[in-house]
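# Coordinate inspection notes
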There are 6 protein chains.
Amino acid sequence: MLADALLDELVDRALAEDLAGGDLTTEATVEAEARAIGRAVARSELVVCGGEVFARVFYRVDPGVRVERALPEGENAETGSVLWIAEGRARSLLMAERTALNFAQRLSGIATAARRYVGALPPGSKTRICDTRKTTPGLRALERYAVRCGGAHNHRDSLGSAVLIKDNHIAAAGGIRAAIERARARAPHSSRIEIEVSSLAELEQALEVGAEIVMLDNFAPADVLEGVRLTRGRALVEVSGGVTLERIAELGKAGVDVISVGALTHSVAAADIALDVERLG
Amino acid sequence: MLADALLDELVDRALAEDLAGGDLTTEATVEAEARAIGRAVARSELVVCGGEVFARVFYRVDPGVRVERALPEGENAETGSVLWIAEGRARSLLMAERTALNFAQRLSGIATAARRYVGALPPGSKTRICDTRKTTPGLRALERYAVRCGGAHNHRDSLGSAVLIKDNHIAAAGGIRAAIERARARAPHSSRIEIEVSSLAELEQALEVGAEIVMLDNFAPADVLEGVRLTRGRALVEVSGGVTLERIAELGKAGVDVISVGALTHSVAAADIALDVERLG
Amino acid sequence: MLADALLDELVDRALAEDLAGGDLTTEATVEAEARAIGRAVARSELVVCGGEVFARVFYRVDPGVRVERALPEGENAETGSVLWIAEGRARSLLMAERTALNFAQRLSGIATAARRYVGALPPGSKTRICDTRKTTPGLRALERYAVRCGGAHNHRDSLGSAVLIKDNHIAAAGGIRAAIERARARAPHSSRIEIEVSSLAELEQALEVGAEIVMLDNFAPADVLEGVRLTRGRALVEVSGGVTLERIAELGKAGVDVISVGALTHSVAAADIALDVERLG
Amino acid sequence: MLADALLDELVDRALAEDLAGGDLTTEATVEAEARAIGRAVARSELVVCGGEVFARVFYRVDPGVRVERALPEGENAETGSVLWIAEGRARSLLMAERTALNFAQRLSGIATAARRYVGALPPGSKTRICDTRKTTPGLRALERYAVRCGGAHNHRDSLGSAVLIKDNHIAAAGGIRAAIERARARAPHSSRIEIEVSSLAELEQALEVGAEIVMLDNFAPADVLEGVRLTRGRALVEVSGGVTLERIAELGKAGVDVISVGALTHSVAAADIALDVERLG
Amino acid sequence: MLADALLDELVDRALAEDLAGGDLTTEATVEAEARAIGRAVARSELVVCGGEVFARVFYRVDPGVRVERALPEGENAETGSVLWIAEGRARSLLMAERTALNFAQRLSGIATAARRYVGALPPGSKTRICDTRKTTPGLRALERYAVRCGGAHNHRDSLGSAVLIKDNHIAAAGGIRAAIERARARAPHSSRIEIEVSSLAELEQALEVGAEIVMLDNFAPADVLEGVRLTRGRALVEVSGGVTLERIAELGKAGVDVISVGALTHSVAAADIALDVERLG
Amino acid sequence: MLADALLDELVDRALAEDLAGGDLTTEATVEAEARAIGRAVARSELVVCGGEVFARVFYRVDPGVRVERALPEGENAETGSVLWIAEGRARSLLMAERTALNFAQRLSGIATAARRYVGALPPGSKTRICDTRKTTPGLRALERYAVRCGGAHNHRDSLGSAVLIKDNHIAAAGGIRAAIERARARAPHSSRIEIEVSSLAELEQALEVGAEIVMLDNFAPADVLEGVRLTRGRALVEVSGGVTLERIAELGKAGVDVISVGALTHSVAAADIALDVERLG
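Definitions and cut-offs
Residues numbered from 1 in each chain as written. Chains lettered and ligands numbered in written order. Predicted model: local features only at pLDDT ≥ 70, side-chain atom pairs only at ≥ 80, totals over all residues. Heavy atoms only, no water. Helix = DSSP H or I, 4+ residues; strand = E, 2+ residues; numbered from the N terminus. Buried < 20%, exposed > 50% of the residue type's maximum accessible area, 1.4 Å probe, protein only. Contact = heavy atoms within 4.5 Å. Areas by Shrake-Rupley, 256 points an atom, 1.4 Å probe, with all protein chains shown as cover. Lys, Arg positive; Asp, Glu negative; His and termini not counted. Charge placed at Lys NZ, Arg CZ, Asp CG, Glu CD. Domains from an automatic or database assignment. Buried area = accessible area lost by both parts, 1.4 Å probe. Least-squares fit on C-alpha atoms with pLDDT ≥ 70 in both. Salt bridge = Lys/Arg side-chain N within 4 Å of Asp/Glu carboxyl O. Polar contact = N/O pair within 3.5 Å; in protein donor to acceptor, adjacent residues only side chain to side chain. Nonpolar A, V, L, I, M, F, W, Y, C, P; charged D, E, K, R; others polar. Pairing = 2+ DSSP bridges. Right-handed = clockwise from strand over helix to strand, strands pointing away. Axes fitted to C-alpha atoms, helices over the stretch in contact; angles between N-to-C directions. Phe/Tyr/Trp six-rings, centres within 6.5 Å; stacked < 30°, edge-to-face > 60°. Parallel < 35°, antiparallel > 145°, perpendicular 65-115°, else oblique. Left-handed = near helix turned anticlockwise from the far one by under 90°. Disulfide = S-S within 2.5 Å.

Each helix and strand counted, chain A has eleven helices and twelve strands in total. In terms of overall dimensions, chain A has C-alpha extents of about 75 × 40 × 25 Å along its principal axes. Scored against the burial criterion, the 281 residues of chain A give a buried share of 64%. Within chain A, counting contacts between residues at least 6 apart in sequence, those at least 24 apart form 70% of the total. Of the roughly 9,300 Å² that chain A leaves accessible, carbon and sulfur atoms contribute 49%. Considering chain A, the positive charge centre built from 34 side chains and the negative charge centre built from 40 side chains are found 4 Å apart.

Moving on, we come to the domain arrangement of chain A. Residues and elements named next belong to chain A. You can read the domains of chain A as domain 1 (4–118 + 268–280) and domain 2 (122–266). Of note, the centres of domain 1 and domain 2, computed from C-alpha atoms alone, are 35 Å apart. Counting residues at the interface gives 20 residues for domain 1 and 22 residues for domain 2. Here domain 1 and domain 2 share an interface that buries about 1,700 Å² over both sides, 72% of which is from carbon and sulfur atoms.

Moving on: the relation of the copies chain B and chain F. Turning chain B through 120 degrees and shifting it by 0.0 Å along the axis lays it on chain F, with an RMSD of 0.0 Å. In symmetry terms, the pair is related by a three-fold rotation axis.

Of the residues lining the interface, 13 residues belong to chain B; the matching set on chain F comes to ten residues. Summing the contributions of chain B and of chain F, the shared interface buries around 1,100 Å²; its carbon and sulfur component is 53%. Among the residues chain B hides against chain F, the three largest losses belong to B:G21, B:E27 and B:R60. Together they make up 36% of the total. For the pair chain B and chain F, the interface holds two salt bridges. Summed over the shared surface of chain B and chain F, the result is five residue pairs in polar contact (both at pLDDT 80 or more). Taken together, the elements giving at least two residues each to the side of chain B that touches chain F come down to α1 (4–19), α3 (51–61) and α4 (90–119) of chain B. Of the residues forming the side of chain B that touches chain F, the biggest block, four residues, is contributed by α1(B). A breakdown of the residues in the side of chain B that touches chain F according to their chemical character gives seven nonpolar, two polar and four charged.

Once that is clear, we can look at the pairing of strand β9 (residues 213–217) of chain D. Residue and element names in this part refer to chain D. Buried residues dominate β9, accounting for four of its five residues. As judged from the four bridges shared by strand β8 (residues 193–197) and β9, these two strands associate in the parallel manner. Bridge pairing links I195 to V214 in β9. In this fold, the crossover linking β8 to β9 by way of helix α8 (residues 200–208) has right-handed handedness. Sheet topology places β9 next to strand β10 (residues 236–240); five bridges connect them, and they run parallel.

Let us now look at the relation of the copies chain B and chain A. The transform that puts chain B on chain A rotates by 180 degrees and translates by 0.0 Å along the axis, for an RMSD of 0.0 Å. Such a turn and shift between the copies fits a two-fold axis. Interface overlap between copies: 100% of the residues of chain B at the interface are likewise at the interface in chain A, consistent with a symmetric, same-surface contact.

Contacts between chain B and chain A engage 59 residues on the former and 60 residues on the latter. Surface buried jointly by chain B and chain A totals about 5,000 Å² across both partners, of which 52% is contributed by carbon and sulfur atoms. Put simply, chain B and chain A have eight salt bridges between them. Measuring nitrogen to oxygen at the nearest pair gives 2.6 Å for the salt bridge that ties A:D18 to B:R140. For the pair chain B and chain A, the interface holds 38 residue pairs in polar contact (both at pLDDT 80 or more). Within the residue set of the side of chain B that touches chain A, elements represented by two or more residues are α1, α2 (24–29), α4, β7 (163–165), α6 (167–173), α7 (176–186) and β12 (273–280) of chain B. Here the side of chain B that touches chain A is composed, by residue class, of 26 nonpolar, 16 polar and 17 charged.

So, on to the sheet that holds strand β3 (residues 66–69) of chain A. Residues and elements named next belong to chain A. Spatially, four strands are ordered β3-β5-β1-β12 in an open sheet, and the strand pairing comes out antiparallel. Among the strands making up the open sheet, the edge pair consists of β3 and β12 (273–280). When strand polarity is set aside, the average angle formed by the axes of neighbouring strands in this sheet is 15 degrees. As paired elements, strand β1 (residues 35–42) and strand β5 (residues 82–89) share seven bridges and run antiparallel to each other. By the bridge assignment for β5, V41 is matched with V82. Packing against the sheet, helix α3 (residues 51–61) makes contact with β1, β3, β5 and β12, and its axis sits at approximately 165 degrees to β3. Sitting on the sheet, helix α4 (residues 90–119) is in contact with β1, β5 and β12, with an inclination near 155 degrees to β5.

Moving on: the packing of aromatic side chains. One pair of aromatic rings is described through two measures. These are the centre distance and the angle between the planes. Residue and element names in this part refer to chain A. Applying the stated criterion across every chain, the model contains twelve aromatic pairs over all chains. A ring pair is formed by F54 and W84, whose centres lie 4.7 Å apart and whose planes are at 35 degrees; its orientation type is tilted. Of this pair, F54 sits in helix α3 while W84 sits in strand β5, and the two are 30 residues apart along the sequence. For F54, a relative accessible area of 0% puts it in the buried group. Ring pairing ties together the aromatic residues F54, F58 and W84, which thus form one cluster.

Before going further, it helps to spend a moment on the packing of helix α8 (residues 200–208) of chain A against helix α9 (residues 221–231) of chain A. Two packed helices can be described by the angle between their axes and the distance between those axes. Residue and element names in this part refer to chain A. Viewed as axis vectors pointing N to C, α8 and α9 meet at an angle of 15 degrees, and their least axial separation amounts to 10 Å. Between α8 and α9, the interaxial angle falls into the category roughly parallel. Considering how the two elements wind past one another, α8 and α9 form a crossing that is right-handed. Residues L200, L203, E204 and L207 of α8 touch α9, and the partners they reach there are D223, E226, G227, L230 and T231. Residues of the contact of α8 with α9, tallied by class, amount to four nonpolar, two polar and three charged.

Residue and element names in this part refer to chain D. Here four strands make up an open sheet; going across it, the order is β3-β5-β1-β12 and the pairing antiparallel. The sheet is open, and its two borders are formed by β3 (66–69) and β12 (273–280), each paired with just one other strand. Sheet twist, expressed as the average angle between the axes of neighbouring strands with direction ignored, equals 15 degrees. Helix-sheet contacts for helix α3 (residues 51–61) involve β1 (35–42), β3, β5 (82–89) and β12, and the interaxial angle to β3 is about 165 degrees. Across the sheet, helix α4 (residues 90–119) touches β1, β5 and β12, and the angle it forms with β5 is around 155 degrees.

Taking C-alpha atoms only, the smallest gap left between chain A and chain D, which are not in contact, amounts to 8 Å. Chain C shows no contact with chain F. Their nearest C-alpha atoms sit 8 Å apart.

This brings us to the pattern of salt bridges. Scanning all chains against the criterion turns up 120 salt bridges over all chains. Through salt bridges with shared partners, a single network forms among A:D4, A:D8, A:R56, E:D12 and E:R60.

This part covers the side chain of D:Q105. Locating D:Q105 in the fold gives a position in helix α4. D:Q105 gets classed as buried once you look at its relative accessible area, which sits at 7%.

Residues and elements named next belong to chain A. Remark: helix α1 (residues 4–19) packs on α4, axes separated minimally by 10 Å, with the N-to-C direction vectors making an angle of 130 degrees. Judged by the inter-axis angle, α1 sits oblique to α4. Regarding α1 and α4, the two cross each other, and that crossing is right-handed. Here L10, V11, A14, L15, D18 and L19 of α1 come into contact with α4, specifically with M95, R98, T99 and F103.

What follows concerns the pairing of strand β5 (residues 82–89) of chain F. As paired strands, strand β3 (residues 66–69) of chain F and β5(F) are joined by four bridges and run antiparallel to one another. Counterpart to F:V67 in the pairing with β5(F) is F:A86.

A few words on the environment of B:M215. All names here are of chain B. Inspection of the secondary structure puts M215 in strand β9 (residues 213–217). Its relative accessible area of 5% is what places M215 among the buried residues. Residues contacting M215, with those up to four places away along its chain left out, are H155, L164, E194, I195, E196, V197, E238 and S240.

Attention now goes to the state of the cysteines. Residue and element names in this part refer to chain E. Within this structure, the stated rule accounts for zero disulfides over all chains. Unpaired in terms of disulfides, C149 finds its nearest cysteine sulfur in C49, a separation of 3.6 Å. The buried category is assigned to C149, whose relative accessible area is 12%.

Here you go:
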């Protein structure tokens, strides 16, 4: 759930892109008083996500439009399922349609992808699939929400939420120990200290200085196994770096705690959703 | 080229997502005076796009960072090519990195996809590949720019730019003739009148009433050929509806004028670009 | 009709100008619970325009105020006619009054002027009166709406909506042919290609290369006639450049397709509307 | 002078109206590297106003454009005078041109009108011409500045700056005495108390209770004279209500202190300014 | 009362600070359907202020939350008093709680301090306690409202509302006489002319040239008395400069008209208010 | 360090409050060309904080003003020390002065208070003083920065950064165990799990289920000691709830890890800083 205040900012900006100059076609062809009903229909299997922002788009075009949600967020929808139903002035429905779908298709696309990744884990696995900060500029909060809808997890929200020490930070601090100690000394006590390591030697060093999460960056499969073995009980193991759907099962079996997948948000296909509009009266 | 005023709005909002709470790790581990150079490197083949917004992100974090463009927009970059170079305070580089890449990876991803679609046309083809209004909310102007960088074309900018009559408009107006006449009577004379048709019969009717562009919506291949034959010289023929890369060659051969491809912006993979940061001094 | 999302942005900004520091007088003299009714009355003949934004101003001050529209948009109102009626807390009415009227007077002023221009055309004329991009900064969408309310037409919405080649573009491209060809090659297929010409020779050249609209810039009356004759059937003829009300009839008779009038938005007198507030209870 | 921070908000919004979708024509016809110089020229006599915002528009499109002011603010410019000169990328000049002129033409139009009103006062007159809150929504600060540029004065900035008691306030408070006393008791001591009166009887009453400014609303000429006589030395006399240029001399002679003229901002003709662009190199 | 349009801007920004990334804890632990009631309770004596913005925070998180005000603005509340009651979804209440309290605690803190200062005046005193422009950036309108709630007065709203000549202005103008005359000649007639003086000699000079308000800046107690004596009847006397609660009684007895107190807004303790949330059903 | 993009948003809004209507006094009394230098001077001992935003205010009024920092952030400044020096147009300095000081006085006030709290800890103490989410609406990022400048620490940035389970969450989840388990299952792995407990029994329970931080809410001194003893090595101990400066030493001696102090941001006195402006030339 996102506060309405925050949704409005996103929705208003998106509407401005499409409607700042009005809707030439609709104003010319549809009478002002005509009413209609629009049904958002899944044209392929998908995980439902974005009902709230979908509804808000119609509301911000015209508060007289009512939107009902036929399926709850996170539900698996079959092809042909009705997801949401909007009813109101025909003009308002047509004006809001594309913007509402642009949001919903992206969010449902992400939720669908997230569920696919989660589903690729071995049965009973405790491994988490999680997102990254590789989100679409301006849509981070919504995309992270979609990741959760699909059953995956969120990584830290932003650079100000938690510590993640990368190679440049290590170099700047003068080594793994210094980097971790400085971070521990300065960062909020609410944040765990995570560090990215590029070899088993670095991993060992990070664990010695008390890293709470170790991110194995582009490790070979065998090294991942060894990394998990070394780490067990001393920190969480996160695997990162170009992980594809095909490698999820293997990584899950290896017992890593977290697999972070940038593609969940940066390379996702929109879910196929259409709005079937029917005139009323 | 986008006016700086418009870039800033997008960039500032994206920075707020990532940096509203500062950068815990960088502040803890990197000294305030340290300087660095960062090279944006293509990790796979791509079409360069987004240098301007990439630079603007660094500038809006810290106007002391200088960004140089090693490759021009629209260039094909090999794996390993340096695209852009940023130099300035190490802290500023690390704080801006992710946001700058999020923009650039998406735009280069779109440009790369656009070039792939254009490249699939038969040699010498006059057919246009063009985008749709299925853009990411908030990023329409940038994404349309990326489409052009890749050699494809833009469709109308928004609902207020040009007329495109769809089935609901036809129904509301009471038929194709009425819809086109009303649109002609009301819309700016700068806009062509486009209409979406779902059969050859509708196509014929639309042409009779003077449609300037006819959009063949989900036509079977044979019907596309027949549609092009019927239309030739009387209007532009646009083909739309779930067109994949595989069908481009055939549609190009059929002689359609425009192929609009929603996937160019709604289902695109980010280009793989990394920032290699090196400490100076 | 403008989406509420877009109206709010304009209304909120205007309210901030007048009410950021509250309303000293009203807070001091009017009790918090007092209720009132306010009738917006035409003090001279006018074309009604702006009821939606008028209502929205009151709503954004206080959602408890109800606004009823006594006359529809585009109606000719006599002196003394009640246009809109607001009812609610007296304080809210007094606080919103000036801002609401500032919008409504400007929009009704434009609609009234537009109707006057349209009325100056010969009976049965097919000539369009249309606006230009010479709109008040920040109010373009509303002003274009007002132009339509008065029965005139809109020109292109913005630089991104359609092509209009002017002298500088011609010079930069290296001639009329090159300019038109480049524009045709790059611009969205939804846009017609319009070009401004300054002589009959240029006109002829533009028509040869396929200009779809020719704008005769500051042509002498005889040249307009000749221009229309030359062009007929090959393109639309637009006349532009300091056109006053007095010349409309003549231009209409000449058979030009479009007369664009900057004064419709840049030099218009506010319609005279007052709010008569009456205490309730 | 307006703070850059405040100018940017207005300028960015205006640019968004015109350039959100880019500039189709300029991108198609003008090369990216071409440079040009643009001279803003008065096409009729005018009072120069708006150089700062004019320059800021170009800067916000492209910080590489340099703008020089050939004539200072408030100067009388002859037809043909060069006001301001912009130099930089040809594309940037063409993209910013219309928006920059829209601001400058409105501001110079207001300054020109203001000077005309001031010039209509009898020689040596101490009467002030001043504006009202009937400003264009969103442009109040700029328009008030233009009024000062033309030599006229500003009235209160907003409802929160100073007290002006009108008929509805009097009615709500239960009379002139109560209204003035309440206002005096609540309003900042920095504000004078002004009250609008509709008869000589009301005027007398207002003066007795210590009004510091009395606004004679729609008084007949003879009553204005009598009002000035009654008031002299006890308060300032302001005359308001549909005052036209023709009545200024008479009101000045009558010795009123202030004449407030809504038309200065709500019904003003844009000054005629053009940008002559010339290619460089 | 502040217009909703203006409240929303403040509220939305504050919510963005706390909720841009959602509420991890509440989403994890509280069911979506759970409902609750929250009572805002005074934990120490305070003057009630901020009910409107408190309510608006909940509304902007979730329009389904209803907020009732148990005590009116400006009321003295005992420890333990219920001020406001919010009822709705438990999640929404918990998400809005901190932001709503942050506003309300600050405003009630200011109102409480203002009342304390006013209460320190001698009985029957006509002296005003008033605020300054030393307000929290972004919150001026709310803080000035809180000052009024506590029974104190506002000074001018901003640099654009009224004239206050300080030492630098005097120096720039070349003396007190020149400064006052220039201000009188330029500033709106709705503004009184106030001048800050640093000695009795300057005071005398200012009174001679017609200053309407004289601000005695850091005057010794004896000089304040003498200043009041000199001024009586010719201008208002304002005392300013590090005035503490302890000096109020003495200054009130001295008969100064206005005491301006920066600490009212720049150094105030938050009122202690808690939200007691109880699950429903 | 805050990104310029984020500073501008705060600075522009604050300038709008004070300068939307211009600066009446300065425009009337100070010539446009006059130049001046302004020195920000500490009028009492303070910890320097806010130089960056101070400078940015001047820059956003007029980019021609240069600001130099005489003392670094976090430095202890004696009474009379010059902190920052601004040089440029006299008008710009006077227009920006109050807004720049309002930011700097608040931030230096917070930094000064933070240092006082930290200084109250026993020598060599490892206890952290940290802030809370009780920040001024709109200023959270700046205030948290000031807390760090004073040598104290930040708590979590927002509701989306880390988990902090309070009584209402425990009740909603059905107990401490359930609440912690749900949070662990849902929240980002980068966040530690903190829980607020109100008794030693609850503390024990929380530790058993693996809480990483326990917040002792309003514990009696003896219970704090016992809580620390029970917890040692199993979690971090945070003490919260109306902690005053007087209790810091005792809590530090008790060995608590973190003391969170709302007053650091919600009840702080502005540091006393003045701008001494001197005319140049």
